[in-house]
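# Summary of the model geometry
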Amino acid sequence: MAAALHLDAIGVLMRRNLNEILRVPGAAIPGILAPAVFMVGLTAAFGKLTDLSGFDTTSYISFLIPVSMLQGASFTGAATGVNMARDIELGWFDRLFVAPLPRPALLAGIVLSASFRALLPVTGVLTIGLLLGVHWPGVPGVLLAIAFALTFSAIAASWTVALALKFRTQDAAPLMQSSMFIAVLFTTSYAPLALLTGWLQTVAAINPITQVIEGIRAVFLDNVTWTSTWHAIVVLIVVLGLTFAFALRQLARTGR
Amino acid sequence: MTLAQLRADVLVVRALGWRSIRNTFRRPQYLAPLVIFPTLFLAVNTGGAGAAVRLDGFPEVHGFLDFQLASGMLQSTMLAAVMGGTGLAMDIELGFTDRLFAAPISRPAIVLGRLAATFVMGCFAACWFLAIGLIFGAWIKGGPIGAIVVILMAGLCATAFGGIAAALALKSGTTSVVQGTFPLVFVIMFLSSAFFPVDLMAEPAQTIARLNPLSFVADGLRQPIITGLSTHVFLSALLGVAVIGTIGFVTSGLALRGRLKAN
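Residues numbered from 1 in each chain as written. Chains lettered and ligands numbered in written order. Predicted model: local features only at pLDDT ≥ 70, side-chain atom pairs only at ≥ 80, totals over all residues.

### Description of the interface of chain A and chain B
- Contacts between the two partners involve 32 residues from chain A and, on the opposite side, 26 residues from chain B.
- Counting only elements with at least two residues in the side of chain A that touches chain B, the list comes to α2 (29-46), α7 (173-185) and α8 (199-206) of chain A.
- With ten residues, α2(A) is the single largest residue contributor to the side of chain A that touches chain B.
- In the side of chain A that touches chain B, the residues fall into 22 nonpolar, seven polar and three charged. (Contact = placed C-beta atoms within 7 Å. Helix = DSSP H or I, 4+ residues; strand = E, 2+ residues; numbered from the N terminus. Nonpolar A, V, L, I, M, F, W, Y, C, P; charged D, E, K, R; others polar.)

### Quick word on the packing of helix α3 (residues 60-90) of chain A against helix α9 (residues 209-220) of chain A
Residues and elements named next belong to chain A.
- Where α3 meets α9, the closest approach of the two axes is 8 Å, and the angle between their N-to-C directions is 130°. Classed by the angle they form, the pair α3 and α9 counts as oblique. Here α3 and α9 pass one another in a crossing that is right-handed. The residues of α9 that touch α3, namely those facing Ser62, Phe63, Ile65, Pro66, Val67, Met69 and Leu70, are Val212, Ile213, Ile216, Arg217 and Phe220.
- Taken together, the residues of the contact of α3 with α9 break down into ten nonpolar, one polar and one charged. (Axes fitted to C-alpha atoms, helices over the stretch in contact; angles between N-to-C directions. Parallel < 35°, antiparallel > 145°, perpendicular 65-115°, else oblique. Left-handed = near helix turned anticlockwise from the far one by under 90°.)

### Notes on the confidence of the model for chain A
- Chain-level pLDDT for chain A is 85 on average; 93% of the residues reach the 70-or-more range.
- When mean pLDDT is compared element by element in chain A, α9(A) scores highest at 93, while helix α1 (residues 2-23) of chain A scores lowest at 70. (pLDDT = per-residue confidence, 0-100.)

### Some remarks on the environment of Pro100(A)
- Position of Pro100(A) relative to the elements: it lies in the loop between α4 (92-97) and α5 (103-131).
- Separated by 98 residues in the primary sequence, Pro100(A) and Gly198(A) have C-alpha atoms spaced 52 Å apart.

### Quick look at unusual backbone geometry
- Going from Glu203(B) to Pro204(B), the amide bond is cis rather than trans, its omega being 5°.
- Note on placement: Pro204(B) falls in the loop between α9 (182-190) and α10 (205-211).

### Things to note about the environment of Ala262(B)
Residue and element names in this part refer to chain B.
- You can see alanine 262 is positioned in helix α12 (residues 231-262).
- Alanine 262 sits in the exposed class, given 7 other C-beta atoms within 10 Å.
- Sequence spacing of alanine 262 and proline 183 is 79 residues, and the spatial spacing of their C-alpha atoms is 30 Å. (Buried ≥ 20, exposed ≤ 12 C-beta atoms within 10 Å, placed from the backbone.)

Following this line, the structure appears as structure tokens:
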């Protein structure tokens, strides 16, 4: 009975957050446009990099599409944190606290809505990419890539919500956005690990999101192996668990 | 115009410019697009695409960071222009501009104050990226004079784009419209020589980049760093800035006139 009530509450919170897409459809455009502009622009500028030995493909846009999908997912996730900071500043979030709802359910509603909202930029960028020549990996491959990206959006939302709860101001927005920027781009985003130079090679080797990028990339470069896939799955589960726990901890501290 | 009027206008421009600069440095949301994101993007470009110097046809450079510094500066100066326009639009939304219109001051000075701040932010961006470059091992082949040329060119470029952003702010009067041009900044940059040599870019971006005035500005910022000063490249860059600046000043002048009429 209680569990059903909590699920209802999660559903209501998700609907509230998803309402923004329906009421302000224009707000979704930058989430699609920005990663798409980066994908097309970087392909135009850096496309010749595939001439270097070490690239598995001659299609730079196919190499880049995982980065753009994760960018779209992370923009949506970060927007969730920024919106939460706005709700805290306006006092709306304090009202949620007096609702008879366990805090994990409160957080789950917010994070799940971010995942659903990310469906729009992720599929939007993917569609633009496919129209511009990204290799079609088949339906199972597309579904796997989308699932990875949506889970990453949940990670971004958990992380930025935790930051919003910690700093309680929209002034923390640059920190939210730049941390997601670093997470996605300080990886093998532009080139294979062996071709990265200097410090970025070291950072990309340590950054767990590299495994997610490589997991999605394997789909579009027709290199899907169980190894590349399970590495990505493990990273997504562990990082989501850690960021969700961090957000829960901040939530538990709020109002004390 | 008398000397006293000119002095009064200069005081207004200085006061409004100083106000804009202080506002930018007070709030992280305003400073981040000018400093943090272009710096992070520069770091990723340099580390991620650094192997590009091994490509056939890539110009002789000391390092890829030297080549990329101009892209960081351009990105920062263009975003400084957008932020300047956003600030002006916010002043319009909050009614501050209306109060200035009611004051006995020259109307163009209201816009020029904002552009003066944008010029300073452009120079600041260039200093920031030159410092980053020097710390991380870039060389400035043009020496101190080359560095000064780069700083002034970045300031002029920011002012030129600031004129276009001011026109948008005056015409629309809403921050969201001006902020909506953020992705456009990247479109214009990707379709220029800001990130990569034009000869190595893919078509049709290569052809567009050859015609894009921003390519001349990018080359003008890059040349003093990678090879030293060149009169031809410097004059081409000035021409590029002049083209963009003329569009900016004409459109902002027309938009200011339209807003004054509407008021």
